[in-house]
Amino acid sequence: MHDEPVYLTRHDAVASLVLNRPAKHNALTEAMWREISELLAEAEADSDIQVLIVRGKGGAFAAGADISEFEDVYATPERAEAYSRAIGDALDGLARFPKPTIASIEGACVGGGCALALACDLRFAAQGARFGVTPARLGLVYPFNDTRRLVNAVGSAAAKDLLFTARLIDAETALQIGLINRLTPSGILKETVNDYANHITRASSHTAKVTKQMIALIEAGQDQDCERTRALFLEAFSGEHFQEGYKAFLDKRHPDFPKP
């Protein structure tokens, strides 16, 4: 039984980063953002972990920032900068996490909660989930990196719509615009995400790691092959994952890839 507001669990090669303030719909405190950064470093260092799932307890993903802290964290420009830096470090750390990440979303996924989901590689949601990107309700501006991730997911026009209006959308609309990748019936989200994560663990962790590096370069604006990307491609042929994958293909069996 965990009583921490955010914690890490492990089951075989799959870890879960769990937001655990159900009474507050997992509203995120400054301490939680700092703890997320620490837990990400812990999960990255654990070679047994191949996939990270981000989920919330109690029927919500995250309802955004904890407004009870606003008087403190926005008391001065310096205090606001430190608060924003803590959030940015956690979100950018999740976006840079070298292993596949999946947001498992039910209930509210609003504000900072939506930013957390967007920092994951994939987003699965249950029917009944609600989404919103809401800085316009407070007269704030969405940070650049968060805006870029939103635009990468839904495109410029849909991003403007969500940011200009600060409106909430349902899961069906989120799927239609690309904010989420898969929508499941209520009640089977956890099983669906776990099954998908286990599917990833049966494939090559080396392929997943390098694929994330390649896609990050594309999203950063690279549009041509270069010395680095050619090396990433060619190095795989001498790697133990390819040796096992190729042998398994010839043997007509499922590969048993080496652990990281």
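Our subject is the structure listed above.
What comes next concerns the included structure. If you're wondering where the values come from, they're calculated on a predicted model, not measured in any experiment. Position labels on residues start from 1 in each chain and follow its written sequence. Restriction of local features to residues with pLDDT of at least 70 applies here, the model being predicted, together with a cutoff of 80 or more for giving and counting side-chain atom pairs; totals for whole chains, interfaces and linings are based on all residues. Side-chain metrics in this entry use all non-hydrogen atoms of the structure; hydrogen atoms and water are not considered.

## Considering the overall build of the protein
Filter applied, for reference: For helices the rule is a DSSP run of H or I covering at least 4 residues; for strands it is a run of E covering at least 2, with both sets numbered from the N terminus onward. Our radius of gyration is a C-alpha quantity, and the globule rule it is checked against amounts to 2.2 Å times the number of residues to the power 0.38. Pairs of residues are marked as contacts when any of their non-hydrogen atoms sit within 4.5 Å. The Shrake-Rupley method, run with a 1.4 Å probe, gives the accessible areas here. Residue values count only the displayed protein chains as cover. The charge count treats Lys and Arg as positive and Asp and Glu as negative. His and the chain ends do not count. By convention, the point assigned to a charge is CZ for Arg, NZ for Lys, CD for Glu and CG for Asp.
The helix and strand tally for the protein stands at 11 helices and 9 strands. Against the compact-globule benchmark of 18 Å for 260 residues, the protein has a radius of gyration of 19 Å, which places it among compact chains. Along the three orthogonal principal directions, the C-alpha set of the protein runs to about 60 × 45 × 35 Å. Taking all contacts inside the protein whose residues are at least 6 apart in sequence as the whole, residues at least 24 apart take part in 67%. For the protein, the exposed surface amounts to about 13800 Å²; the carbon and sulfur share of it is 55%. The averaged location of the 35 negative side-chain charges in the protein is 4 Å from the averaged location of its 28 positive side-chain charges.

## Section: the pairing of strand β6 (residues 122-126)
Convention followed: Three exposure classes are used, based on accessible area relative to the maximum for each residue type with a 1.4 Å probe and protein chains only: buried under 20%, partly exposed in between, and exposed over 50%. Pairing between strands is defined by DSSP: at least two bridges between them are needed.
Where burial is concerned, most of β6 is hidden: 4 out of the 5 residues are buried. With 4 bridges joining them, strand β4 (residues 101-105) and β6 adopt parallel strand pairing. Bridge pairing links A103 to R123 in β6.

## Considering the sheet that holds strand β1 (residues 6-11)
The following threshold applies: For helices, the fitted line uses only the C-alpha atoms of the stretch in contact; every axis is such a line through C-alpha atoms, and the angle between N-to-C directions lies from 0 to 180 degrees.
Strands sit in the order β1-β2-β3-β4-β6-β9 across an open sheet of 6 strands; the sheet is mixed. Bordering the open sheet on either side are β1 and β9 (182-184), each of which pairs with just one other strand. Between one strand and the next, the sheet's axes are offset by a mean angle of 20°, whatever the strand orientation. Contacts between helix α1 (residues 30-45) and the sheet are confined to β1, β2 (14-19) and β3 (51-56), with β1 contributing the most and set at about 25° to the helix.

## Comments concerning the packing of aromatic side chains
This is how it is decided: For this analysis, a ring pair means two rings from Phe, Tyr or Trp (six-membered ring only for Trp) whose centres lie within 6.5 Å, classed as stacked if their planes differ by under 30 degrees, edge-to-face if by over 60, and tilted for the remaining angles.
Per the stated rule, a full pass over the model turns up 6 aromatic pairs. Look at Y74 and Y83: their rings are 5.6 Å apart centre to centre, the planes differ by 90°, and that puts the pair in the edge-to-face class. Given a relative accessible area of 35%, Y74 falls into the partly exposed group. Look at F242 and Y246: their rings are 5.6 Å apart centre to centre, the planes differ by 15°, and that puts the pair in the stacked class. Pair noted here: F242 and Y246 are both in helix α11 (residues 240-251), with a separation of 4 residues, about one helical turn. Residue classification places F242 among the partly exposed positions, given a relative accessible area of 34%.

## Considerations on helix α8 (residues 189-201)
Heads up, the condition is: By this rule the span expected of a helix is its residue count minus one, scaled by 1.5 Å.
Between the first and last C-alpha of α8 there are 18 Å, a value that for 13 residues agrees with the 18 Å anticipated at 1.5 Å per step. Of all the positions in α8, only L189, T192, V193, A197, I200 and T201 are classed as buried. The secondary structure elements touched by the buried residues of α8 are β2, β3, β4, β6 and β9.

## Observations regarding the side chain of E30
The line we're drawing: As used in this structure description, the phrase polar contact means that two N or O atoms lie within 3.5 Å; if the pair is within protein, one of them must be able to donate a hydrogen and the other to accept it, and residues adjacent in sequence are counted only when both atoms belong to side chains.
Looking at where E30 falls in the secondary structure, it is placed in helix α1. For E30, a relative accessible area of 10% gives the class buried. Looking at E30, its side chain comes within polar contact range of the side chain of R34, at 3.0 Å. Setting aside chain neighbours within four positions, we find E30 in contact with E69, V73, R79, A82, Y83 and A86.

## Side note on the nonpolar core
Here is the rule we go by: Take the buried residues of types Ala, Val, Leu, Ile, Met, Phe, Trp, Tyr and Cys, join any two whose side-chain atoms come within 4.5 Å, and each joined set is a nonpolar core.
Within the largest apolar cluster, 51 residues are counted, with the highest numbers of intra-cluster contacts made by I36, F61, I105, L116, F131, L150 and L179. At 6 residues, α1 tops the list of elements feeding residues into this core. For L150, the residues in contact, after removing those within four places along its chain, are L118, V133, Y142, G155, A159, L162, L163 and L179. V14, F124, L189 and A197 belong to the second largest nonpolar core, which has 10 residues in total.

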